[in-house]
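A structural walkthrough
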Amino acid sequence: MVLHTTPYSSACLHFLDGLSWSLVFPCYWLLDRLLASCVATSLEKRQRSQDPCSFLTLCVLISAPFYLLLLLASLPFALLGFIIWAPLQAIRQPYLYTYRRPDKHQIEQGQAGLGGIGIGEWRPQGRSFCFCSANVCLLPDSLARFNNLSDTHRRAHELGKRIRNGASRPQIKIYIDSPTNTSISAASFSSLATGFRRTSSLDHRPDTTHTTNGPADTENEPPTECPIHPSGATNCPLHPAAGDQGSSGCPLHPDETDTTADCQLHPAGANNSSGCPVHTSGEAPDCPMHSTGPQRVPGHHDCPMHGEGNQPKSSTDCPHHTSGVQISISAPDPDPQEEEAETGNHRPGDQAGGDTSSMTASRESLARYHGGDSGVGISSNNTLSHVPRTSIFKRPGRKRRHGDETFDHEISAFFPANLDFLALQEVFDHSSTTRLRRQLHRYFPYVLSDVGRYGWKGCCSRFKFLNSGLMLASRYPILDARYECYPNGRGEDALAAKGTLFAKVHVGTTHQEQRVVGYLTCTHLHAIEGDASVRCEQLDLLLRWGAEFRHSSSQPPEGEKVLEDLVAFDVILGDLNFDNCSSEDKLEQQHALFTQYKDPCRLGPGEDKPWALGTLLDPSGLYDDEVSTPESLQKVMENEEGRKEYLVFPPSKSQCPASSQKGRKIPLKGNGRRIDYLLYSDEGLQHDWKLEIEEFSFVTQLAGLTDHLSVAMRLAVSTGEEEP
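What comes next concerns the included structure. Here the structure is a predicted model, which means the values were calculated and not measured.

Rules used in this analysis
- Residues numbered from 1 in each chain as written.
- Predicted model: local features only at pLDDT ≥ 70, side-chain atom pairs only at ≥ 80, totals over all residues.
- Heavy atoms only, no water.
- Helix = DSSP H or I, 4+ residues; strand = E, 2+ residues; numbered from the N terminus.
- Buried < 20%, exposed > 50% of the residue type's maximum accessible area, 1.4 Å probe, protein only.
- Contact = heavy atoms within 4.5 Å.
- Areas by Shrake-Rupley, 256 points an atom, 1.4 Å probe, with all protein chains shown as cover.
- Pairing = 2+ DSSP bridges.
- Axes fitted to C-alpha atoms, helices over the stretch in contact; angles between N-to-C directions.
- Core = buried A, V, L, I, M, F, W, Y, C linked by side-chain atoms within 4.5 Å.
- Parallel < 35°, antiparallel > 145°, perpendicular 65-115°, else oblique.
- Left-handed = near helix turned anticlockwise from the far one by under 90°.

**Details of the overall build of the chain**
Secondary structure summary: the chain contains 12 helices and 18 strands in total. A total of 724 residues make up the chain; the buried ones form 56% of that total. The contacts in the chain between residues at least 6 apart in sequence include a share of 74% that link residues at least 24 apart. By element, 52% of the accessible surface of the chain is carried by carbon and sulfur atoms, the whole surface being about 31800 Å².

**A look at the environment of Leu 617**
Structurally, Leu 617 can be placed in the loop between strand E15 (607-608) and helix H11 (630-637). Between the C-alpha atoms of Leu 617 and Ala 703, which are 86 residues apart in sequence, the distance is 9.9 Å. Other than its neighbours up to four places away in sequence, Leu 617 contacts Leu 622, Leu 633, Tyr 646, Leu 647, Val 648, Thr 706, Asp 707, His 708 and Leu 709.

**Observations regarding the sheet that holds strand E16 (residues 676-681)**
Strand order across the open sheet formed by five strands is E10-E11-E12-E13-E16, with mixed pairing between neighbours. Two strands close off the open sheet at either side, each with one partner strand: strand E10 (478-485) and E16. Across the sheet, the mean angle separating the axes of adjacent strands is 15° when strand polarity is ignored. As paired strands, strand E13 (residues 566-575) and E16 are joined by six bridges and run antiparallel to one another.

**With respect to the nonpolar core**
With 90 residues, the main nonpolar core has Phe 131, Val 507, Phe 569 and Leu 593 as its most contacted residues. Looking at which element gives the most residues to this core, the answer is E13, with seven residues. With residues near it in sequence (within four places) discarded, Phe 569 still touches Phe 129, Phe 131, Phe 421, Val 505, Val 507, Val 517, Gly 518, Tyr 519, Leu 520, Leu 685 and Leu 715. Ranked by size, the runner-up nonpolar core spans 25 residues in total, among them Val 136, Leu 422, Tyr 443 and Val 699.

**Some details on the pairing of strand E8 (residues 446-449)**
Here E8 shows a buried face lined by Tyr 446 and Leu 448 and a second buried face lined by Val 447 and Ser 449. Pairing analysis gives four bridges linking strand E1 (residues 96-99) to E8, with the strands arranged antiparallel. Each residue of the ladder has a partner; that of Thr 98, found in E8, is Val 447. Where E8 meets strand E9 (residues 471-474), three bridges bridge the pair, whose relative direction is antiparallel. Its bridge partner lying in E9, Tyr 446 is registered against Ser 474.

**Thoughts on the sheet that holds E1**
On the basis of which strands lie adjacent, the open sheet formed by eight strands has the order E1-E8-E9-E7-E2-E18-E17-E6 and mixed pairing. Single-partner strands in this sheet number two, and they are E1 and strand E6 (408-412). Strand-to-strand twist of the sheet, defined as the mean angle between neighbouring strand axes without regard to direction, takes the value 15°. Across seven bridges, strand E2 (residues 127-138) lies against strand E18 (residues 710-718) in antiparallel orientation. Bridge assignment links Arg 127 to a residue of E18, and that residue is Val 717. Contacting E2 and strand E7 (421-427), helix H6 (residues 152-167) crosses the sheet at an angle of about 165° to E2.

**Concerning H11**
Buried residues dominate H11, accounting for seven of its eight residues. Where H11 is buried, its residues contact H6, E6 and helix H12 (640-646).

**Describing the packing of H6 against helix H7 (residues 430-440)**
The interhelical angle for the contact between H6 and H7, taken along N-to-C directions, is 20°, at an axis separation of 8 Å. Classified by the interaxial angle, the pair formed by H6 and H7 is roughly parallel. H6 and H7 meet at a crossing whose hand is right-handed. Each of Thr 152, His 153, Ala 156, His 157, Leu 159, Gly 160, Lys 161, Ile 163 and Arg 164 in H6 lies in contact with H7, whose residues at this interface are Ser 431, Ser 432, Arg 435, Leu 436, Gln 439 and Leu 440.

So far we have only geometry, and geometry alone does not tell us how the molecule works.
And the structure:
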């Protein structure tokens, strides 16, 4: 199947569409600005209350009549453009497929992920994939204000930038050997990492305890920062404060009066001009921190602070190693055989535009950490923050396992590193779609956007002013795609072409030249409360359409004999607009969807797992200082009282559903309304293939930009074969 790379099949139709929209757009923009001037966000109200001269209020009073006059003047042109535009929508393609070939600079930096590299060979032991879903509320500005959000174009650019920065940061894994020690001391660190080990995303735990650095292709740079915490701290044992010339800088004798003659960390009288706090320039081979020989294994007899001449110390107090702890930094591993990829209208089966081995993301764009409990430079989700890449720090991790849970779960301030698939909802505004797509293409080579219908096409019994709002970004080549519109929308939801986007992606090829594929379903269900029957009908359609899509896309072209595709995963991502704990959503909770697909956060109908978190934020508190940044929102979500203050909970009889939840005294149960889902199915997989959840995350990185938390899941596909 040829994916639709242009909205229309001919250049003439494309020209007419552009002409008609140029006539309609001035009226559309003026109407949007006029309505926006009448609806203020809580942040704007706060700013106006702090304006002593009421200058902002005066601007609104002047601009509103001005917009109205221009709107009336533009109506004749808009009517003419609408007459041309509306019939064209009947022949418009239901989605736009774009592929951006990464440039050489992006490939060198690892920013391109899988783009531009040849199709990867499927490893016998399997592979892991990372999925994410987010409702970004990119409505026209006037409509977004009803959710207490504004400046849609700016938010679209910032959304794409945050997603890209979060997904492209280095992936750091911390392993703890001791079965009793399940935390990482914030006062200690492992060893300096002067490079990045190149590895795939299915990074199995090594057998030996060591810090892995890249071999010949890594970048060895002298440390420029303190290996315990960023520069500027006043209590670091490894570097004195500015102007303190007498201090030796040694953690064994920080006082000026101490002698360094017997110190095992540095020789007496050495002129330490290098960046290493342990060895002087030219003595790297003997440095106990940088030694790579077999003698450097965790243990007190090898540690310069625990040596035979020193008094034994607990390893948890040693600033130079922690017994049984290792840190692995993953970075992209480009395929040496780079193949050419063509941009534009091409058959997906002929693409060589994306390496389908799931690799870790680049070292570029490390997310900034805005402060923490211990002042060290690794954020709360065990990932690098704003620190030099030559320094590695540790702080207590927040990944947890609850009871008999077989996978990690966390509330993370960052999108997961090595993100493979991203499904977005409510990307309605056309200009914002373009801005967001441009940002995402810097990390995801393949994007399906502008999904849905306008006008009266097909299922649209009512005129559709907005498309479906769905967007799907992938690091793997997309082989096939289909969009279906829900025909039973009601009320204001009927004005948008809400539906489902199905996609088939190519994730690898076996030794027998057999394709390994995955199926993705991105959807956004009916939103109006109380319409449970509408959502159940849409779920029925979703299951039926999904089965039809998998059947049709698995059929080989006529006259061709090819091996049957191997299915690695089947995942549903999206905003289902019901939660698993509300009494009003019992009908949806018992739907057959949950017998065919598994919900990692669900115990059963009406009961979530204790760690599951609501994903719908209270719009009235979006601009509070307590939740204005990803880190602050993360901390609030980790606190039960904070969740009650800033999450939307199921409405109770004593509370109006539309009222603000801030400052309420009503006792609340659960952890908020979880309406954003990631579901997976193990039906239809190959014999002996298994799916296992590696980790599940609630992501706060879009704080202040949307009224939803994002959800992410890393899914491991194991084939039952041993690695050769």
